[in-house]
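# Coordinate analysis (summary)
The lines below spell out each chain.
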Amino acid sequence: MSNIQTLIAEEFQVVNILREIIKAERTKLDFIQEYVDEFSRVYGEHSGDVTINSEVIASHPLNAFRLVKHLSVDWDTVRRLMTTNLAIGGVQEIERLRSLSQGLLNEEDLKGAVEAIVRLQYTYDIDEEQVASGTLTGSTVTALELSSLECYLLGLHQAQLGFHDYAVRWLSLAWKLFDQEQRLDIQKSSPIGKVEILDWLQHSTFQRGNISYALELSQQIKKINPAFAHVDENIAYYQKLLNDTPQEIWAKMEDENGKISGEKSSGTYEALCRGEGKLDINVEKQLHCYTETYSKPWLLLQPVKIEMAYLNPDIFVVHDVLFPSQMEQVKSVAKRKLQRAMVVKPGTTENQAARIRISKNAFLNEDVHPVIAAVNNRIGLVTNLDMRIAEELQVANYGIGGHYDAHFDHFRTLYEINHKHIDGEWGDRMATFLLYMSDVEAGGATVFPRINLTLYPAKGSAAFWFNLHKDGLGDERTLHAGCPVLVGSKWISNKWIREKWQDVTRPCGLQPDSPEWDNGWP
Ligand SMILES: O=C(O)CCC(=O)C(=O)O
Ligand SMILES: [Fe+2]
């Protein structure tokens, strides 16, 4: 989001430069127009035919004077104007501006932006007409509606990714808007026409198995442009397919495709992101809030406010963890260091920007700013855990569409134990303290798909849970995910607290759920 804000500021500067260029170009054209107009004015009705009238014209001294002025000084100015390219300076200035900040955006960035829109549409089950209208329920922020060209770009990208159901939806909308724009005569000059929309629509329609509709669309293309590339081959091919196998059989295939994609968005993860999850009633009955001091003098005056969000596995929400001013300091320190979250490219040692985790992250050590030590201390105080061995504070910022797919925070799955020892001397990530440093206007919940739990970000609150059973094995019920941000920007800080030194604060046991003496936590 902070990046998007920089980009918006840049876009304003770019448009201002372009306005200047347009103004200068207009002045230039006005002068040239004036040069031509003066000619017509001076010679009036005689301006049509030089051979007949040159003698009459030349006989007046004022005309002779004007002729000389026109051909000397005026022409010089016209020539100078016509040979200077005002745009080049502007373009150089724009490129300099852009290279100073993010670097120029490219097609990959556009793809990312398109994917974010479809991810939101899919997760929150919003139909494309609503997305395109620029108004989202639950948010007061609105945007200008999408044009047919923009809907076409969204559809085209989906088709290229092989998501033909979404491609069909967006391309159909592009078609509808195209006709509407034409009727209302508001079509902007556009590099694509109706046939391009119909062509991708017929392609994705065919891919989904609706051969008779793909044929109908191809016939419409042929009507508009009989010479359109491959249209005859497509028509012949679809006709042959339909002769060999009737549409009823293809239709079954289309239904199957539809079911697969339909099912996904009604999956647990998406339903939880939409807030449709239902907690187990027996768990819900036992949840309550309480305050805790761990008998620490520091906390006597202001005990920790704890809300139980789930029981077994126990998940807590700790309230009022930091002051707003501290969170703003953490964000401003982090902003200088945020980098796009990376994962290792499968089968290589290279890093690549992760699709499963779209956010910007930075690990902050205590040397970068005193506020980081204050935050670490506070986390130690409210969790009553030993903070000598904990990872550096990780700050993450998710922009619109930013998300983190379902994952475990701990390393110690059975697979890891059998194959390698990656948690070293510090032990595994015993607990996660996930602090929300912003409210999120819509979307961005943290969800636990195995226990049907949704936690909503609230600035200054933190989710806290143990990733390991008492016997040290990973608790797979802690699988969790960060839902895509629909409107707004989400800031979190993560503290992963390792096993080492916790023998007193949270002793281990022989059984996964060994009961231990009370230290405030399970
Ligand atoms: O963003 C969230 O809500 C979850 C983040 C998370 O699970 C992580 O960073 O490990
Ligand atoms: Fe996590």
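Quick notes on the rules
Each residue is numbered by its place in its chain's sequence as written, counting from 1. Note on labels: chains are lettered from A, ligands numbered from 1, in written order. Per-residue local features of the predicted model are confined to residues with pLDDT of at least 70, and side-chain atom pairs are confined, for both listing and counting, to 80 or more; whole-chain, interface and lining totals are unaffected and use all residues. To obtain the side-chain values, all non-hydrogen atoms of the structure were included, while hydrogens and water were left out. UniProt positions are given in the numbering used here, feature names are shortened, and annotations may be inferred rather than shown by experiment. Near, as used in this document, describes a residue that has one of its heavy atoms within 4 Å of the molecule or strand being considered. Pairing of N or O atoms within 3.5 Å defines a polar contact, subject to two protein rules: one partner must be a possible hydrogen donor and the other a possible acceptor, and residues neighboring in sequence count only if both atoms are side-chain atoms. Accessibility throughout is a Shrake-Rupley quantity obtained with a 1.4 Å probe, and a residue counts as covered only by protein chains that appear here. Think of it this way: any DSSP run of H or I at least four residues long counts as a helix, any run of E at least two long counts as a strand, and we number them from the N terminus. Residue type decides the class: Asp, Glu, Lys and Arg count as charged, Ala, Val, Leu, Ile, Met, Phe, Trp, Tyr, Cys and Pro as nonpolar, and the leftover types, Gly among them, as polar. Ligating atoms shown are N, O and S within 2.8 Å of the metal, or 3.2 Å for Na, K and Ca, and water is not included, meaning a site may look less than complete. Under the scheme applied here, a residue whose accessible area is under 20% of the maximum for its type counts as buried, over 50% as exposed, and between as partly exposed, the area being computed with a 1.4 Å probe on protein chains only. Note on contacts: a residue pair is in contact if any heavy atoms of the two residues lie within 4.5 Å. Comment: axis = line fitted to C-alpha atoms, over the contacting stretch for helices; angle = value between 0 and 180 degrees taken between N-to-C directions. Note on angle classes: values under 35 degrees are labelled roughly parallel, values over 145 roughly antiparallel, values of 65 to 115 roughly perpendicular, and the remainder oblique. By convention, the crossing between two helices is left-handed when the near helix turns anticlockwise from the far helix through less than a right angle, and right-handed when the turn is clockwise. Residues belong to one nonpolar core when they are buried, are Ala, Val, Leu, Ile, Met, Phe, Trp, Tyr or Cys, and are joined through side-chain atoms within 4.5 Å. For the purposes of this description, domain bounds are those given by an automatic or database domain assignment. Strand pairing is assigned whenever DSSP detects at least two bridges linking the two strands. A helix is expected to reach a length of 1.5 Å times the quantity of its residues less one. Taken from the helix axis, the directions to the C-beta atoms give the arc we talk about. Pairs of cysteine sulfur atoms within 2.5 Å are identified as disulfides in what follows. Pairing of aromatic side chains here covers Phe, Tyr and the six-membered ring of Trp, requires ring centres within 6.5 Å, and sorts the geometry by plane angle: under 30 degrees stacked, over 60 edge-to-face, intermediate tilted. Each ring is checked for a lysine NZ or an arginine CZ that lies within 6 Å of its centre and within 35 degrees of its normal; such an atom marks a charge sitting over the ring.

Per an unreviewed UniProt entry, the protein chain is named procollagen-proline 4-dioxygenase, and its organism is Ramazzottius varieornatus. Per its UniProt entry, the protein chain bears the Cofactor (unreviewed entry) comment "L-ascorbate".

### Things to note about the site of ligand 1
Around ligand 1 there are 13 residues in total, and Tyr398, Thr446, His480, Lys490 and Asn494 lie nearest to it. A distance of 2.5 Å separates an oxygen atom of ligand 1 from a polar side-chain atom of Thr446. One of the side-chain N or O atoms of Lys490 is found 2.8 Å from an oxygen atom in ligand 1. Here ligand 1 has 290 Å² of accessible area as a free molecule, and 99% of this is covered by the chains. Residue assignment for the shell around ligand 1 shows that the elements contributing at least two residues are strand E9 (404–407), strand E15 (480–482) and strand E17 (490–498). Residues of the shell around ligand 1, tallied by class, amount to 5 nonpolar, 5 polar and 3 charged.

### Side note on the coordination of the iron ion (ligand 2)
Within the protein, His407 (NE2), Asp409 (OD) and His480 (NE2) serve as the donor atoms for the iron ion (ligand 2), at 2.1 Å. Read in sequence order, the donor residues for the iron ion (ligand 2) give the motif H-x1-D-x70-H. Asp409 carries the same exposure label as His407, and that label is buried.

### Considerations on the side chain of His480
Residue placement: His480 occurs in strand E15. Within polar-contact distance, the side chain of His480 engages the backbone oxygen of Thr478 at 2.8 Å. When sequence neighbours within four positions are dropped, the list of residues in contact with His480 reads Asp405, Ala406, His407, Phe408, Asp409, Val447, Phe448, Pro449 and Trp465.

### Describing the packing of helix H7 (residues 148–161) against helix H8 (residues 164–183)
Closest axis-to-axis distance for the H7/H8 pair is 8 Å, and the angle between their directions is 160°. Comparing the axis directions of H7 and H8 gives the class roughly antiparallel. The element H7 and its partner H8 pack so that their crossing is left-handed. Residue-level contacts link Ser148, Cys151, Tyr152, Leu154, Gly155, Leu156, Gln158 and Ala159 of H7 to His164, Tyr166, Ala167, Trp170, Leu171, Leu173, Ala174, Leu177, Phe178 and Glu181 of H8. Residues that form the contact of H7 with H8 fall into these classes: 13 nonpolar, 4 polar and 1 charged.

### Details of the nonpolar core
Note that soluble globular proteins tend to have their nonpolar side chains buried in a common cluster. Residues Trp170 and Val447 are the most contacted members of the largest nonpolar core, which totals 50 residues. Ranked by residues supplied to this core, first place goes to H8 with 10 residues. Looking at this core, you find at least three residues from each of domain 2 (107–265) and domain 3 (281–498). Ignoring any residue separated from it by four or fewer positions in sequence, one finds Trp170 in contact with Ile117, Val118, Gln121, Glu128, Val131, Ala132, Leu146, Cys151, Leu154 and Gly155.

### Remarks on the pairing of strand E10 (residues 429–436)
Within E10, 8 of the 8 residues are buried, which leaves it mostly tucked inside the rest of the structure. Two elements, E10 and E17, share 7 bridges in a ladder whose sense is antiparallel. Paired with Ala431 across the two strands is Ile497, which belongs to E17. Note: E10 against strand E14 (residues 462–466), 5 bridges, orientation antiparallel. Pairing of Thr432 across the sheet is with Trp465, part of E14.

### Notes on helix H11 (residues 231–244)
In this model H11 runs 20 Å from its N-terminal to its C-terminal C-alpha over 14 residues, within 8% of the 20 Å that 1.5 Å per residue would give. Where H11 is concerned, the buried positions are Val231, Asn234, Ile235, Tyr238, Leu241 and Leu242. In a view along the axis of H11, the buried residues occupy a sector of 130°, so they form one face of it. Of the exposed residues in H11, the ones pointing more than 90 degrees away from its buried face are Lys240, Asn243 and Asp244.

### Side note on the state of the cysteines
On inspection of all chains with the given rule, the structure shows 1 disulfide. A sulfur-sulfur separation of 2.0 Å characterises the disulfide bridge that pairs Cys273 with Cys483. Given an S-S torsion of about -85°, the disulfide between Cys273 and Cys483 has left-handed geometry. Placement of Cys273 in helix H13 (residues 268–273) and of Cys483 in the loop between E15 and strand E16 (485–487) is noted, with a sequence separation of 210 residues between them. Here Cys273 and Cys483 have matching classes, each one buried.

### Describing the packing of aromatic side chains
On inspection of all chains with the given rule, the structure shows 9 aromatic pairs. Their ring planes at 55° and their centres at 6.2 Å tell us that Tyr35 and Trp75 sit as a pair that is tilted. Here the residue Tyr35 occupies a position in helix H1 (residues 2–43), and Trp75 occupies one in helix H3 (residues 61–83), the gap between them amounting to 40 residues. Here Tyr35 falls in the buried class, since its relative accessible area comes to 18%. Plain terms: the ring middles of Phe448 and Trp465 are 5.0 Å apart, the flat faces sit at 85° to each other, and that makes the pair edge-to-face. Separated by 17 residues along the polypeptide, Phe448 in strand E12 (residues 446–448) and Trp465 in strand E14 bring together distant segments of the chain. When sorted by exposure, Phe448 lands in the same class as Trp465, which is buried. Through a chain of ring-to-ring contacts, three or more aromatic side chains come together here, namely Phe316, Phe433, Phe464 and Phe466. Of note, Arg429 hangs over the ring of Trp496, and the distance from its end group to the ring centre comes to 3.7 Å. Over the ring of Tyr398 we find Lys490, and its NZ or CZ is 4.7 Å from the ring centre.

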